[in-house]
Each structure stands twice: as structure tokens, then as C-alpha cells.
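# Structure assessment
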Amino acid sequence: MNTAVKASKGLKLTDILVTIVIAVVFGLVYKIWGPAYDLVKPLGLNAEQLVYGMWFMAGTFAYLIIRKPGVAILAEVAAATVSAFLGSEWGMSTLYYGLLQGLGAELFFAVFLYRNANLWVTSLAAAGSAIVSLILDFSYGYIDQLSTWNYVLYVGFRMIGSIVIAGVFAFYLAKALEVTGVTRTLRPATEQDYKGLD
């Protein structure tokens, strides 16, 4: 998976359909994840932020599978849409979060010119999603009244959880799929792909 996969420009219909299928799966996961998030809240000290990264995983995972511009945004928006239609407790704001979280990930993939799909870049993309979600949280007034120490825990835990779940876990899940050969039909494997599996 460690890198330099040159993708043809633009998304093909197959890329879009696969991205949507991935997004539907994650939309269902996102809906299920809401109660899991609420179960961690009683632990206090913003511990629930450690599991928040699951909501960024559609974008990073879809990019690792398709590796083309626009995939992270498409996946996050589609997953958020599925989650919203299933009755997300956050209502229509779920769509804003999906769009901006996808954009946060997409920016980091773009910085590396869509040529890297390694653990480092995926983790940065996950952090990008976390950063824009924090900006939205602040604009909605969720975190503007926190004390300094509480704010540091909130941001720190969200960043850690995002990198672990949407970065590291997404990377190794995609890598496991590559070993099975499932992704071969989506993009041609390069010699570097095979070396990355060693």
C-alpha cells in the first residue's frame, strides 16, 4: 500500500458505485456508532472523543480503496446522508459534518498529489477530518464554553481517536482487503503495491 499509484484522472462510474457502496456500509455503521458514543460519555473527561474517529473512516477507507480525487468527499457525504436518513440524532447537521470531514481528509490526500496511500498520509487525512469537525463543533457552540484543560482533553482525545480509527485502523483494513485480491478489479496493482504487502 505504500504508494505511488497513478490514477487516471476523474472518477469512472465503477469508482463512484464502489464508493457509494462503501459509504452505505459506513452510513449504517455511523448510525449504530451513535449509541456506542453515548455509552462512553458517562466515563467523563471527554473520553467519548476517543471513539469519535469512526465518523471519519468512510473518507479515508474509500480513498485507500479507490485512490482518486474526490473519493473522500463523496464517501463522507454519502455516508452522512445514509446516517441522516436513518434518523441520526444530529439531524441535518450530519450532512454538513460529512461534507467538511470529507473535505478535511481530501485536502491532505491532495497535498500529496493523490500519489501516496501510506499510513502517514492516511493518518494526516484522519487528523484533517478531526480538525474541521472541531471547527464545526465550535461554530455550533458545542465547545466554546469549555475550560482550557477540558478543551485540551477534548481536542487531544478526538485527534488521537481519529488517527487510530480513521487512520491506522482504516489503513490496515484496506491493506487486509488488498491481500485478499478484492481490490484488483478496482485499480491495477503496481510492483510497489506488492512490495508494500511484504
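So, here is what we can say about the structure in this document. (Residues numbered from 1 in each chain as written. Predicted model: local features only at pLDDT ≥ 70, side-chain atom pairs only at ≥ 80, totals over all residues. Heavy atoms only, no water.)

### So, the overall build of the chain
If you tally the helices and strands in the chain, you get 7 helices and 0 strands. Each helix (α) and strand (β) of the chain, taken in turn from the N terminus, gives the series α-α-α-α-α-α-α. Long-range contacts, defined here as pairs at least 24 residues apart, represent 76% of the contacts in the chain between residues at least 6 apart. Accessible area for the chain stands at about 9,700 Å²; split by element, carbon and sulfur atoms hold 72% of it. (Helix = DSSP H or I, 4+ residues; strand = E, 2+ residues; numbered from the N terminus. Contact = heavy atoms within 4.5 Å. Areas by Shrake-Rupley, 256 points an atom, 1.4 Å probe, with all protein chains shown as cover.)

### A closer look at the packing of aromatic side chains
Following the criterion strictly, the structure yields 7 aromatic pairs and no others. Plain terms: the ring middles of Phe26 and Tyr30 are 6.3 Å apart, the flat faces sit at 55 degrees to each other, and that makes the pair tilted. Residue Phe26 and its partner Tyr30 are both found in helix 1 (residues 13-40); the two are separated by 4 residues, about one turn of the helix. The same class applies to Phe26 and to Tyr30, which are both buried. A cation over a ring is seen here: Arg158 above Tyr52, with NZ or CZ 3.6 Å from the ring centre. (Phe/Tyr/Trp six-rings, centres within 6.5 Å; stacked < 30°, edge-to-face > 60°. Buried < 20%, exposed > 50% of the residue type's maximum accessible area, 1.4 Å probe, protein only. Lys NZ or Arg CZ within 6 Å of the ring centre and 35° of its normal.)

### Re the environment of Tyr172
Position of Tyr172 relative to the elements: it lies in helix 6 (residues 148-180). Measuring from C-alpha to C-alpha, the distance between Tyr172 and Phe61 comes to 9.6 Å, with 111 residues separating the pair along the chain.

### A closer look at the environment of Thr94
Summarising the element assignment, Thr94 is placed in helix 4 (residues 93-111). Residues Thr94 and Val82, spaced 12 residues apart in sequence, show a C-alpha to C-alpha distance of 9.8 Å. Excluding residues within four positions of it along the chain, Thr94 makes contact with Ala80, Ser83, Ala84 and Ser88.

### What to know about helix 4
A rise of 1.5 Å per residue sets the reference length of helix 4, with its 19 residues, at 27 Å; its end C-alpha atoms lie 27 Å apart and thus fit the reference within 8%. The complete set of buried residues in helix 4 reads Ser93, Thr94, Tyr97, Gly98, Gln101, Gly102, Gly104, Ala105, Glu106 and Phe109. The secondary structure elements touched by the buried residues of helix 4 are helix 2 (57-66), helix 3 (71-85) and helix 5 (119-139). Phi for Leu113, located one or two positions after helix 4, is positive at around 55 degrees. (Expected span 1.5 Å × (residues − 1).)

### Thoughts on the pattern of salt bridges
Pairs may arise between side chains of opposite charge once their charged atoms sit close together. A full pass over the atoms with the stated rule returns 3 salt bridges. The residue Arg67 makes a salt bridge to Glu178 at a minimum N-O spacing of 2.8 Å. Within this pair, whereas Arg67 is found in the loop between helix 2 and helix 3, its partner Glu178 is found in helix 6, the two being separated by 111 residues in sequence. For the residue pair Arg67 and Glu178, the accessibility class agrees, reading buried in each case. Arg158 is the partner of Asp137 in a salt bridge, and the nearest nitrogen-oxygen pair spans 2.6 Å. Note that Asp137 is positioned in helix 5 and Arg158 in helix 6, a separation of 21 residues in sequence. (Salt bridge = Lys/Arg side-chain N within 4 Å of Asp/Glu carboxyl O.)

### Some remarks on the nonpolar core
Membership of the largest hydrophobic core comes to 40 residues, with the highest contact counts inside it found for Phe26, Met57, Phe61 and Phe109. Those elements giving two or more residues to this core turn out to be helix 1, helix 2, helix 3, helix 4, helix 5 and helix 6. When residues in this core are grouped by element, the largest group, 8 residues, is from helix 2. In contact with Phe26, other than residues within four places in its own chain, are Met57, Ala58, Phe61 and Ala79. (Core = buried A, V, L, I, M, F, W, Y, C linked by side-chain atoms within 4.5 Å.)

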